[in-house]
Amino acid sequence: MNAPHPVPSRLAATEAEAHRLDADDPGHRHLFLVPPADGGRYAEAAYLAGNSLGLQPRATREELLADLEAWSRLGVEGHLEAERPWLPYHELLTLPAARLVGALPAETVVMNSLTVNLHLLMVSFYRPQGRRTRIVIEDSAFPSDSYAVRSQARFHGLDPDSTVVRLRPRPGEDTLRTSDVCDFLAAEGDTVALVLLGGVNYLTGELMDIPAITAAGRAAGAVVGWDLAHAAGNVPLSLHDWDVDFAAWCSYKYLNSGPGALAGVFVHERHVGDPRLPRFEGWWSTEAATRFEMTPTSRPPATVEAWQISNPPIFAMGPVRTSLELFDRVGMPALRERSLRLTGYLERLLDEVTAGRPLTVVTPRDPRRRGCQLSVRIGVGSANELTKRLRHEHGVIADAREPDIVRFAPVPLYSTYHDCWRVADALAATVEADS
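All values reported here derive from a predicted model rather than from experimental measurement.

The rules behind these values
Residues numbered from 1 in each chain as written. Predicted model: local features only at pLDDT ≥ 70, side-chain atom pairs only at ≥ 80, totals over all residues. Heavy atoms only, no water. Helix = DSSP H or I, 4+ residues; strand = E, 2+ residues; numbered from the N terminus. Rg over C-alpha atoms; globule rule 2.2 N^0.38 Å. Buried < 20%, exposed > 50% of the residue type's maximum accessible area, 1.4 Å probe, protein only. Contact = heavy atoms within 4.5 Å. Pairing = 2+ DSSP bridges. Axes fitted to C-alpha atoms, helices over the stretch in contact; angles between N-to-C directions. 1 Å grid on protein atoms, 1.4 Å probe; cavity = no way out; pocket = protein on both sides within 12 Å on 5 of 7 lines; lining within 4 Å. Points joined across faces, edges and corners; volume = space filled by probe spheres on them. Nonpolar A, V, L, I, M, F, W, Y, C, P; charged D, E, K, R; others polar. UniProt positions renumbered as here; feature names shortened; annotations may be inferred.

1. Digging into the overall build of the protein chain
Summing up its helical and strand segments, the protein chain has 13 helices and 15 strands in all. Taken over C-alpha atoms, the radius of gyration comes to 23 Å for the protein chain, in line with the 22 Å a tight globule of 435 residues would show. Dimensions along the principal axes, computed over C-alpha positions, put the protein chain at roughly 75 × 60 × 30 Å. The burial tally for the protein chain puts 55% of its 435 residues in the buried class. A fraction of 72% describes how many contacts in the protein chain between residues 6 or more apart in sequence connect residues 24 or more apart.

Pasting the structure below:
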């Protein structure tokens, strides 16, 4: 609930204007549970941390309880007799997940967690040979990705310091140019075994040119994979048409499936069913029709489900299914259009606030090169201290990346123009102008 009467603001843009924009472009906030404000004059928080953990859909609790009720009522028979039978439960997620990332159903599966999936995929797709051994990532990759590729290099008996290539922005710039990535691959691609970049950079919010970089990597003879943790549910994707070799993503950020929620995997159809690809296998890697013949040799299907290992955790899959159904109803094209409007509005407000203050937006200004995140570098103090003040003094929840980046994500599903206005107003009140 918003305050009934406006109070004087430090912004030229008025609070009333933000309310008018929300009336014209309301989004789907009513489908989510918004945390109460921990400070300030509003009942609900202005929650702009969905790039770290998305909000809980209102439908999640009831639908999860229904799955729990089936367990209490049916016991083991729930595998076949529950309203949503557990044995094929993961298949309920396949079609909406495939539509979300622009893939075929045979190319898509929900399983495990993000970094576990990246390791399982690298078992198949990182095959260093001769001089083609290097792994290309961005220098500002999420630390888990850095740890993963370095450990893969060590696993193959290679020196991670020389095997892992960390591409950096040009001096004085904050984001990595597509042309620089493609130029590197054209010049040194014969040494590269794997390109593994973030589709949307977690720190800066930059949307990489996935089709252009994928084409450059494959032209150089490398395998191209993508970490889509900050892209899935944020920007439209067409993984099949873009000819991506593989990808993985989490579902607790923009996909609103809960902390530590299950992740997704894409493997292009040209690879599924390829007997030359090594894979780790387990109970769920074999064909479902013959699974209970209990034979000692796996018969993997010619789909991405061959990369599954263990039977899926039903109560962890439920929130992912609920969220994916929501994305199916709303649609990524509509969400992307609202994202452009909402993020553009926040950008205009931040332009006013950052002028004359030690604050700099480092996210690309071109809307085609970003999702719904704007990252602000602070010139004085720490990011953690600023986000604490924003939360406890103004009820604004944002995400800090030490030492000096604060990330604001106006998520189109549930964020409002008024949330954006509150962010800018709070920053103006909290960060002193340059003297």
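2. So, the sheet that holds strand β15 (residues 405–408)
What the four strands build is an open sheet, ordered β11-β12-β15-β14; its pairing is antiparallel. The open sheet has two edge strands, β11 (359–361) and β14 (399–401), and neither has a second partner. Each strand axis lies, on average, 30 degrees off the axis of its neighbour in the sheet, ignoring direction. Summarising the sheet, β14 and β15 pair through three bridges and their orientation is antiparallel. Its bridge partner lying in β15, Ala 400 is registered against Val 406. In the packing of helix α11 (residues 332–354) onto the sheet, contacts are made with β11, β12 (374–378) and β15, and the angle to β12 comes to roughly 15 degrees.

3. Some points on the pairing of strand β9 (residues 246–249)
Burial along β9 is two-sided: the residues Phe 246 and Ala 248 and Ala 247 and Trp 249 are all buried. Inspection of the sheet shows strand β8 (residues 223–227) paired to β9 by three bridges, in the parallel sense. Its bridge partner lying in β9, Gly 225 is registered against Phe 246. With four bridges joining them, β9 and strand β10 (residues 263–267) adopt antiparallel strand pairing. Bridge pairing links Phe 246 to Val 267 in β10.

4. A few points about empty space enclosed by the protein
The probe, sized like a water molecule, is rolled over the atoms to show the empty space still left. Summed over the entire model, instances satisfying the criterion amount to two cavities of 30 Å³ or more. Its volume calculated, the largest cavity comes out at about 80 Å³. Along the lines of polarity and charge, the residues of the lining of the largest cavity split into five nonpolar, five polar and four charged. Volume-wise, the second largest cavity comes out at about 40 Å³.

5. Some words on the sheet that holds β10
Ordered in space as β4-β10-β9-β8-β7-β5-β6, the seven strands form an open sheet in which the pairing is mixed. Where the open sheet ends on each side, the last strands, each with one partner, are β4 (108–111) and β6 (164–167). Pairs of neighbouring strands in the sheet enclose a mean axial angle of 20 degrees, with direction left out of account. On top of the sheet, helix α5 (residues 114–125) reaches β4, β7 (192–198), β8, β9 and β10; it is set at about 170 degrees to β9, its chief contact.

6. With respect to helix α4 (residues 91–101)
By the burial criterion, the buried members of α4 are Leu 93, Thr 94, Pro 96, Ala 97, Ala 98, Leu 100 and Val 101. Here the buried face of α4 lies against β4, β9, α10 (314–330) and α11. Looking at the residues trailing α4, positive phi occurs at Gly 102, about 70 degrees.

7. So, the UniProt feature "modified residue: N6-(pyridoxal phosphate)lysine" (unreviewed entry) in the protein chain
The UniProt feature table records "modified residue: N6-(pyridoxal phosphate)lysine" (unreviewed entry) at Lys 253. Judged by relative accessible area, which is 8%, Lys 253 ranks as buried. The residues contacting Lys 253, other than those within four sequence positions of it, are Gly 50, Asn 51, Ser 52, Leu 53, Gly 54, Ala 229 and His 230.

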